[in-house]
Each structure stands twice: as structure tokens, then as C-alpha cells.
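As a plain string of letters, each chain reads:
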Amino acid sequence: MRSVLAAAGAVLAAAAIAAPAAAASPSPVAVSPSPTAIGPAIGGAQLSGRGVLVNYPSRAVPRLPKIKASAWVIADAGTGQVLAAKDPHGWYRPASTLKVLTAISLIPALNPNAMVVASKQATTVSPNIVGLMRGHSYKVSDLFTALLTISANDAAMALAQATGSLSRGMAVINAEARHLQADDTVAVTPNGLDAPGQHTSAYDLALFARQGLQMPAFLRYDQTKGGQFRISKKKSVGLWNQNSLLATYPGALGGKIGWTSAAGATYVGMARRHGVTLIVSLLHCPALTEITAGKSLLNWGFAVDGKVRPVGTLVGPKQPPAATPAPSRPAVTAERADRPDRAQSVGSGPSALATAGFSCVALLVAGIGFGYNRRRSRA
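Predicted, not measured: the structure shown is a model, and the values here were computed from it.

Another point: the packing of helix α3 (residues 98-106) against helix α8 (residues 202-213). Between α3 and α8, whose axes approach to 9 Å, the crossing angle comes to 40°. Regarding the angle of α3 to α8, the classification is oblique. Here α3 runs over α8; the crossing is left-handed. On the side of α3, the interface is formed by Val100, Leu101 and Ile104, while α8 contributes Phe208, Ala209, Gln211 and Gly212. Tallied by class, residues from the contact of α3 with α8 come to five nonpolar, two polar and no charged.

In this section: the nonpolar core. One finds Val82, Leu143, Phe144, Phe218, Phe229 and Ile279 to be the most contacted residues of the largest nonpolar core, which totals 70 residues. Looking at this core, the element that brings in the most residues is α8, giving eight residues. Core analysis: the next-biggest nonpolar cluster, separate from the first, contains 29 residues, Leu282, Cys285, Leu297 and Leu298 among them.

Another aspect to go through is unusual backbone geometry. Cis peptide bonds are those with omega within 30 degrees of zero, and the linkage from serine 126 to proline 127 qualifies with -10°. The phi torsion at aspartate 87 lies on the positive side, around 40°, for a residue other than glycine. Summarising the element assignment, aspartate 87 is placed in the loop between β4 (81-86) and α3. Phi is positive for histidine 284, close to 60°, though the residue is something other than glycine. Checked against the element boundaries, histidine 284 lands in strand β11 (residues 276-285).

All right, on to the packing of aromatic side chains then. Applying the stated criterion across every chain yields a total of two aromatic pairs. Summarising the aromatic geometry, the rings of phenylalanine 144 and tyrosine 221 are spaced 5.3 Å apart at their centres and angled 20° between planes, so their arrangement reads as stacked. Residue phenylalanine 144 is located in helix α5 (residues 140-149), and its partner tyrosine 221 is located in helix α9 (residues 216-222); the two are separated by 77 residues in the primary sequence. Taking the relative accessible area as the measure of exposure, tyrosine 221 reaches 7% and is therefore buried. Taking NZ or CZ as reference, arginine 220 lies 5.5 Å from the ring centre of tyrosine 221, over its face.

Buried residues dominate α3, accounting for nine of its nine residues. Every buried residue of α3 is accounted for by Leu98, Lys99, Val100, Leu101, Thr102, Ala103, Ile104, Ser105 and Leu106.

Taken together, the six bridges between strand β7 (residues 226-232) and strand β8 (residues 235-240) define a ladder with antiparallel strand orientation. The residue bridging glycine 226 from the neighbouring strand is tryptophan 240, located in β8. In sequence, β7 turns back onto β8 through a hairpin of two residues.

In this section: the pattern of salt bridges. Scanning all chains against the criterion turns up one salt bridge. The partner of arginine 178 in a salt bridge is aspartate 183, with the nearest N and O atoms 3.6 Å apart. When sorted by exposure, arginine 178 lands in the same class as aspartate 183, which is buried.

Thresholds, definitions, all that
Residues numbered from 1 in each chain as written. Predicted model: local features only at pLDDT ≥ 70, side-chain atom pairs only at ≥ 80, totals over all residues. Heavy atoms only, no water. Axes fitted to C-alpha atoms, helices over the stretch in contact; angles between N-to-C directions. Helix = DSSP H or I, 4+ residues; strand = E, 2+ residues; numbered from the N terminus. Parallel < 35°, antiparallel > 145°, perpendicular 65-115°, else oblique. Left-handed = near helix turned anticlockwise from the far one by under 90°. Contact = heavy atoms within 4.5 Å. Nonpolar A, V, L, I, M, F, W, Y, C, P; charged D, E, K, R; others polar. Core = buried A, V, L, I, M, F, W, Y, C linked by side-chain atoms within 4.5 Å. Buried < 20%, exposed > 50% of the residue type's maximum accessible area, 1.4 Å probe, protein only. Phe/Tyr/Trp six-rings, centres within 6.5 Å; stacked < 30°, edge-to-face > 60°. Lys NZ or Arg CZ within 6 Å of the ring centre and 35° of its normal. Pairing = 2+ DSSP bridges. Salt bridge = Lys/Arg side-chain N within 4 Å of Asp/Glu carboxyl O.

Now the structure itself:
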């Protein structure tokens, strides 16, 4: 029953994004530079600010570097403390950083050894990057490697469709965003290619990275430096990791770059030094500056971690509601023994299951609506 309700909730999450997806084509600028908070910002009231947010102590500590990005976050993955940020809950186009959410959502849902037949929709996405061929079969684990190394847009589509359909895959992805309390995020495409109604925030990217750090399979795919991807029996292509942080920054753990003309450059990166793991995320940067900016923020974070008062916190995933103990059943009397139809009607049978399912889905719809209504975009 729980799995049925979870699936229903995922479908409802997908339905919630259908209307924005039919809107006008994306503009070449950031999406809604910041939402208007109706309630307190997730992670702390200070995170509702749109400018640079930092709490310097009275003693001297290094000042923040100059960062050319519309939004960014630098946070401690272990403690969850957000050390500093700029417009952390602002809504921007994610570009390929959305593939981090796609990966952490679909890795638990798919068998890594299963084979996926590439569809016409997967092989005609543009740009497709790895070059899947329609009708050919590909291993799920290989598709994840292509997704996170060379940012294969066709691999993202194939993985989403491997759940049964693209719409079901998108429902799983959006349901995971809600589970992580990444309420600034709406995913319309699994690869981050621009689509009407699609957006994320620097805060949400940090939540995705933090979840990825807890998934060995994600890190294995994300840290792959290179290799070969077999397209067909006669053709293979080389893989290389586009995240140069892995090769150039001591302690780098992984991350993901992204770029489209509408989103600009986007980035999420992770690194560990002396037992401290930091996450950096940036949105709407000038082209080819995102990793350099990420390194600067990581350097600052390692220098001041534990010395500055945090501006907020990375929240944890939503916990499932505690199970309500079932009421004890009265002993079956002789009358009820003679009336099996009455005995079956007590907390069982199709009608009771349908009623329970409807009630739970109704509560889920209300929860989704509340999450989305907590903030509206500042047009």
C-alpha cells in the first residue's frame, strides 16, 4: 500500500509541473531572480536574503572572494551549516547541474546491471553528447557514468525512461526533490536542458550534493576520470570527466558543471580536507568561470569553517510519518462468525483500502500544494 501511495504522490508531483511546462519559451536570463518568501526560508530566516549573506566574527578572518555569479552557497556537508551565500533561494535555470538530482533519484530506482533499449526520444535529444543509437541496448551503470562524466543528455533521457516512461521518471525525480525539501526545484527535463517552468536554487543544489555524498554508487560514477562507452559492436566513444576540480583541487570529491545560453554557467562541487567536507554551488555565472569561482569559495570555506557564525542550515530529508498503531480487534462473536461479510468489513477489503489510499493521496496533494504556495516568484 505504501508503495502505491508513493507512486501516486510521484505522479501528482509530475502533474503539478504540467502547467508551467506549457508556458512561453525560456528567456535568456535567470528565472525569477528570487522568490518572495511567504513563510520563513527553508534552512533559516537569514537565507531569505537576496544579497551576499555572511556573519563575520569580531576577530579577523579572511573576507569572501569576489564571485561573479547571481547565486551561490558554500556549506559544511557534515554539520549542514551554510557558511555564506548569495540569493540562496533565488530561482534560476539549472542546466546540467540538474543531472545530480536525476542521478540521486534514479540510482536507487534502477538495477545497475539492467539493460535499457534506447528510444527515438532519447537518441534525438539535442545535443545528445554520447550518441546512443535507437534500438540498441545499454547497461544502466554505463549510462550513469556517461551522465555524470561527459554530461550525456541522451543518457539522462534513457535513464528516466528506464523507470517505465519519461513521465514516470520525471515524477520520481520531482518526488525526490520534495523528499529532500528542495522546494525551489521543479524538474521538467532529466538532463537540465532549458524548459519552461524548470528552475532550481543554489540552496537546493547543495542539498542534492549532500545527498550524493551519502551514496557510494553516485560517487563512483561521479568520480570516474575516463573510459570508453560502447555505442555499438563496432563503435565506442571516449569518456572524460568535465569536472576539472577532480584533477586540479586537492581533496576534490566530485561535482557537476552545466551551461546553456539561458542558464549561463552553473556548478556544484564537493571537497574534503582535514576531515571537513564542503559543498559549493553556483548559478548564472559567466561562461568558463564556474570552477575557478568554486575553488575560491572552497578555499574560503576551509579557512573559516568553525570561525564564522552560519547564515543558515542545510535541512535533512523529510521523515516518513510515524505509523499509527492499529486498534485492537474485538473477539469474533458467534454472530460475526455466522456473518463473515461483517467480519471482513472491519478495516479490510477493497473499499477500506481505496478509502485509505484516497485519504493519503489527498494529504499528499495538500502537502505539495502547501510547499509550492510557500513562495511565489518575483517577476
